Amino acid sequence: MNTQQLLYFITTAQTRSVRQAARFCGVSPATISVVLQQLSDELQTSLSKKSSGAFELTAEGVLFYEAAQEILTLIDSSRCHFYASQFHLAGQLHLAAIA
């Protein structure tokens, strides 16, 4: 499992469409489908089901969706933290706007 797979899964869950997720991610629908199957196989559970042609999460899929969002958020936060510490970025930034 990798971050790209998590991103594809999250995007598919949010758009509720493999085709739309593929378009948004810049890959083919087949790529999204393969990744979704790989994740299900790795976790040994069904994460989604087709309902009236729409992508729908199973109960396990909802739990995994929430976990995947947390994982990607933590990764992004970590990157920002280490980037800031690498360049010694710290302190307060004050912005003002004139209307």
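This one's a predicted model, so the numbers in the text were calculated from it and none came from an experiment.

What the protein contains, in helices and strands, is four helices and two strands. Reading the helices (α) and strands (β) of the protein from amino to carboxyl end gives α-α-α-β-β-α. Here the protein has a C-alpha radius of gyration of 18 Å; the compact-globule value for 99 residues is 13 Å, and the former is much larger. For the protein, the residues scored as buried account for 28% of the 99 residues in total. Look at the contacts in the protein between residues 6 or more apart in sequence, and 48% of them connect residues 24 or more apart. Across the protein, the centroid of the 6 positively charged side chains sits 14 Å from that of the 7 negatively charged ones.

Looking now at the packing of helix α2 (residues 18-25) against helix α3 (residues 29-43). To describe two helices that pack against each other, one gives the angle between their axes and the distance between the axes. Between α2 and α3, whose axes approach to 8 Å, the crossing angle comes to 110 degrees. Classified by the angle between their axes, α2 and α3 sit roughly perpendicular to one another. Counted together, Val18, Arg19, Ala21 and Ala22 of α2 and Pro29, Ile32, Ser33 and Leu36 of α3 form the full contact between these two elements. For the contact of α2 with α3, the class distribution of residues is six nonpolar, one polar and one charged.

This part takes up the confidence of the model for the protein. Per-residue pLDDT for the protein averages 90, and the proportion of residues at 70 or more is 91%. Mean pLDDT across the elements of the protein bottoms out in strand β1 (residues 48-51) (84) and peaks in α3 (97).

Before going further, it helps to examine the nonpolar core. Ranked by size, the top nonpolar core spans 19 residues in total, and within it Phe9 and Ile32 carry the most contacts. At the level of secondary structure, the elements contributing two or more residues to this core comprise α1 (3-15), α2, α3, β2 (54-57) and α4 (59-86). Element by element, the count of residues in this core is highest for α1, at five residues.

What counts, and where the lines are drawn
- Residues numbered from 1 in each chain as written.
- Predicted model: local features only at pLDDT ≥ 70, side-chain atom pairs only at ≥ 80, totals over all residues.
- Heavy atoms only, no water.
- Helix = DSSP H or I, 4+ residues; strand = E, 2+ residues; numbered from the N terminus.
- Rg over C-alpha atoms; globule rule 2.2 N^0.38 Å.
- Buried < 20%, exposed > 50% of the residue type's maximum accessible area, 1.4 Å probe, protein only.
- Contact = heavy atoms within 4.5 Å.
- Lys, Arg positive; Asp, Glu negative; His and termini not counted.
- Charge placed at Lys NZ, Arg CZ, Asp CG, Glu CD.
- Axes fitted to C-alpha atoms, helices over the stretch in contact; angles between N-to-C directions.
- Parallel < 35°, antiparallel > 145°, perpendicular 65-115°, else oblique.
- Nonpolar A, V, L, I, M, F, W, Y, C, P; charged D, E, K, R; others polar.
- pLDDT = per-residue confidence, 0-100.
- Core = buried A, V, L, I, M, F, W, Y, C linked by side-chain atoms within 4.5 Å.

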